[in-house]
Amino acid sequence: GVAAWWLRGAGEAPRNPRVLELLDEANDAIRRRYNSTLALERLERARALAPSDNGVRVFLASVLMARDRVEEASQHFRAVWDSGGAEAREASFLQQFVLSLHRLGRREELAEVWPRVVAVPGVRWRSPLQCPDLVDESLLDAAAPFPPLSSSGRVPQLLLEHRATIAHEFEAFRASAPDWDSDRYFRPNQDNDLVSGNEPRRWTEMLLLDKGQWDPRSCQLLP
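Residues numbered from 1 in each chain as written. Predicted model: local features only at pLDDT ≥ 70, side-chain atom pairs only at ≥ 80, totals over all residues. Heavy atoms only, no water.

## Considering the overall build of the protein chain
Phase 1 of the analysis: Scanning the protein chain from N- to C-terminus turns up ten helices and two strands.
Phase 2 of the analysis: When the helices and strands of the protein chain are placed in sequence order, the string is α-α-α-α-α-α-α-α-α-β-β-α.
Phase 3 of the analysis: Out of the 223 residues belonging to the protein chain, those deemed buried represent 35%.
Phase 4 of the analysis: Across the protein chain, contacts joining residues at least 24 apart in sequence account for 45% of those joining residues at least 6 apart.
Phase 5 of the analysis: Here the protein chain has roughly 13,600 Å² of accessible surface; of this, 54% comes from carbon and sulfur atoms. (Helix = DSSP H or I, 4+ residues; strand = E, 2+ residues; numbered from the N terminus. Buried < 20%, exposed > 50% of the residue type's maximum accessible area, 1.4 Å probe, protein only. Contact = heavy atoms within 4.5 Å. Areas by Shrake-Rupley, 256 points an atom, 1.4 Å probe, with all protein chains shown as cover.)

Have a look at this one:
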């Protein structure tokens with residue numbers, strides 16, 4: 001279903017049932033059909049019915065970003081930011097707002113809003129160049145962009161130790177599945193802002209672990 005804050009709307013106000021239907025259809029278009037054109041059409045209709053709904057506006061702006069219509073998206077993000085509504089304090093909104101300013105080269109505007117961005121409760125970012133979903137502040141002090149393998153934890157070391165096996169398993173998977181590079185195995189995953197225009201195949205992933213849960217089918221392919 002649609003993310004909770006899209007469904008609630010600004011100020012927890014109930015939404016027009018038709019607006020909810022359009023949001024749900026847009027969400028389905030993005031998450032299941034990978035069709036940003038359809039999603040955009042539904043969201044523009046929803047905005048026409050609810051022009052003051054910040055949640056609709058943020059959803060619309062995020063799809064505009066995916067279509068590389070950054071200037072239009074930025075106008076919506078800025079309007080939501082200036083409104084001071086609940087959506088303007090959501091980390092996902094702040095990430096995209098900052099990203100839009102980066103893409104447009106609006107350094108002065110970014111410098112103007114950044115102190116207020118990091119003043120939002122729960123935001124622990126230290127640089128507008130890095131705004132991740134989760135921040136472990138214990139890792140930030142004295143951190144290096146590319147730390148040596150010896151201090152990178154066990155996972156990178158395991159990958160290095162077993163790199164030959166991993167490469168062999170992947171080559172075996174490619175040889176056994178004629179459609180190995182289709183969306184049956186590889187698909188966009190929460191990276192719509194990285195997909196230029198309406199070409200989701202330009203950035204895809206095979207998920208082995210998603211939201212803390214292992215995917216049994218993918219793990220069988222690469223044991």
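There is more to say, and it comes next.
## Digging into the pattern of salt bridges
Phase 1 of the analysis: Overall, the coordinates contain 16 salt bridges when judged by the stated rule.
Phase 2 of the analysis: With its nearest N and O atoms 2.6 Å apart, the salt bridge here joins Glu-25 to Arg-42. You can see Glu-25 sitting in helix H2 (residues 17–31) and its partner Arg-42 sitting in helix H3 (residues 36–49), a full 17 residues away along the chain.
Phase 3 of the analysis: We note a salt bridge from Glu-72 to Arg-69, for which the minimum N-O separation is 2.8 Å.
Phase 4 of the analysis: Residue Glu-72 is classed as partly exposed on the basis of its relative accessible area of 35%.
Phase 5 of the analysis: When salt bridges with common partners are traced through the structure, they connect Glu-71, Arg-78, Asp-82, Arg-106, Glu-109, Glu-112 and Arg-116 into a single cluster. (Salt bridge = Lys/Arg side-chain N within 4 Å of Asp/Glu carboxyl O.)

By themselves, these observations are geometric and do not establish any function.
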